[in-house]
Amino acid sequence: MTVRQWKRIITFVVVALIVSLTVALIIVAVKANKLDNILSENEEIIAFLNDAEDAGTITTEDISQMSKELNAKKGQEKPEYQSKYSKLYVENDFVYEDDAEGAKKVYLTFDDGPSTENTEKILKILDKYDVKATFFVIYHDSDEMDALLKKIADAGHTIGVHTASHNYEKIYSSVDAYLKDFNKLAKHIEKVTGVKPEIYRFPGGSLNSYNGAVYEQIIAEMTRRGYTYYDWDVGSGDASYGTASTNWIANNVINGVSKDKSNVVLMHDTNAKDTTVEALPKIIETLQKKGYKFDKLTKEVKPVVFGYLS
Ligand code: ZN
């Protein structure tokens with residue numbers, strides 16, 4: 001190699017060294033500056049807390065409490081759905097009464113209505129025997145159905161929310177999806193009947209093969225909003241495959257009730273449930289003769305919930 005070539009190589013190495021050294025120095029300077037900032041911020045906080053402690057306005061326990069609260073807040077951000085649907089709330093602060101009389105009551109509940117074929121027939125029978133009952137309804141975009149909703153409410157029965165769509169996959173896909181669907185029907189019921197619904201029933205009951213992943217959050221959220229749900233402890237068997245016979249339904253209810261429990265009876269109000277309607281007079285007459293009283297569910301009635309919670 002010539003002398004000139006040697007010179008070039010040396011110049012290149014020296015320049016490269018100077019450049020990398022400068023870059024390194026800049027990085028160190030920036031980092032040191034950042035560290036200074038953090039340190040000075042913390043010093044201010046520490047100095048403030050120390051002053052406050054010295055002045056007796058704040059104690060060590062206060063500081064540890066404050067830091068606990070801050071950490072708790074960081075760890076538990078409120079789910080977004082809690083701030084949605086600001087009108088979806090029910091006043092609910094009372095203690096359920098455990099009265100002996102309640103044990104002789106029967107609460108007939110009709111799910112999935114209203115129906116053009118059977119709602120009016122059911123209302124007529126209930127009226128004839130002076131019985132009040134509960135209808136867990138679904139949403140229909142129809143004036144005819146709205147008129148039936150109004151008739152149920154005007155007759156003094158309770159209307160509860162059974163979800164707008166009754167679509168298991170949809171409503172049980174998330175708490176958000178459930179709330180959205182519930183809100184749609186709750187608003188509609190109030191608009192049509194003038195009565196705000198305060199109780200509800202889960203399609204398929206509060207625990208079913210579709211909602212295992214979300215039922216606890218849904219119940220927690222609805223309870224936080226003041227709503228009460230009711231499962232059932234007497235099955236009429238009217239939802240079984242095919243058409244259940246009138247006698248089968250009547251006997252299921254008559255033999256299913258007991259003076260030792262709350263007797264929330266599951267029945268259905270859909271166009272296909274002729275035999276449910278036919279069984280009603282026999283059920284009411286027989287149980288009234290046995291001394292049972294019929295009543296509607298309201299939020300003051302102690303909820304009947306499947307046994308999984310206990
Ligand atoms: Zn249903």
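This text goes with the structure placed above it.
This report concerns the structure included in the present document. Bear in mind that the values here come from a model prediction, so they are computed numbers and not experimental data.

Moving on to the side chain of Asn263. In this structure, Asn263 sits in the loop between α8 (246-256) and β7 (264-268). You can call Asn263 buried: its relative accessible area is 0%. Within the structure, the side chain of Asn263 is placed 3.4 Å from the backbone oxygen of Lys261, a separation counted as a polar contact.

The next point concerns helix α9 (residues 274-289). Over its 16 residues, α9 extends 24 Å from the first C-alpha to the last, a length consistent with the 22 Å expected when each residue adds 1.5 Å. A bend of about 30° at Leu280 is the largest found in α9, and the proline Pro281 appears one to four places after it. Considered for burial, the residues of α9 that qualify are Thr275, Thr276, Val277, Ala279, Leu280, Ile283, Ile284 and Leu287.

Before going further, it helps to spend a moment on the environment of Gln288. Among the secondary structure elements, Gln288 is positioned in helix α9. Along the sequence, Gln288 and Tyr129 sit 159 residues apart, while their C-alpha atoms lie 9.4 Å from each other. Ignoring sequence-local partners within four residues, the contact set of Gln288 consists of Tyr129, Val131 and Phe294.

What follows concerns the coordination of the zinc ion. Those protein atoms acting as donors to the zinc ion are Asp112 (OD), His162 (NE2) and His166 (NE2), and they sit at 2.1 to 2.2 Å. If you list the donors of the zinc ion from N- to C-terminus, the spacing comes out as D-x49-H-x3-H. Here His166 falls in the partly exposed class, since its relative accessible area comes to 23%.

Reading guide: rules and limits
Within each chain, residue numbers correspond to sequence positions counted from 1 in written order. Confidence filtering applies because this is a predicted model: local features only for residues at pLDDT of at least 70, side-chain atom pairs given and counted only at 80 or more, and all residues used for totals across whole chains, interfaces and linings. Just so you know, side-chain values use all the structure's heavy atoms and leave hydrogens and water out. In DSSP terms, a helix is any run of H or I states spanning at least four residues, a strand is any run of E spanning at least two, and both are numbered starting from the N terminus. Note on classification: 1.4 Å probe, protein chains only; a residue is buried when its accessible area is under 20% of the maximum for its type, exposed when over 50%, partly exposed between these limits. Side-chain atoms alone can form a polar contact between residues adjacent in sequence; in general such a contact is a pair of N or O atoms within 3.5 Å, and within protein one must be able to donate a hydrogen while the other accepts it. By this rule the span expected of a helix is its residue count minus one, scaled by 1.5 Å. In this scheme, the bend at a residue equals the angle between the axes fitted to the seven residues that finish there and the seven that begin there. Only heavy atoms enter the contact rule, under which two residues are in contact if any of them lie within 4.5 Å. A donor here means any N, O or S atom no more than 2.8 Å from the metal (3.2 Å for Na, K and Ca); water is not included, so a site may seem to lack partners.

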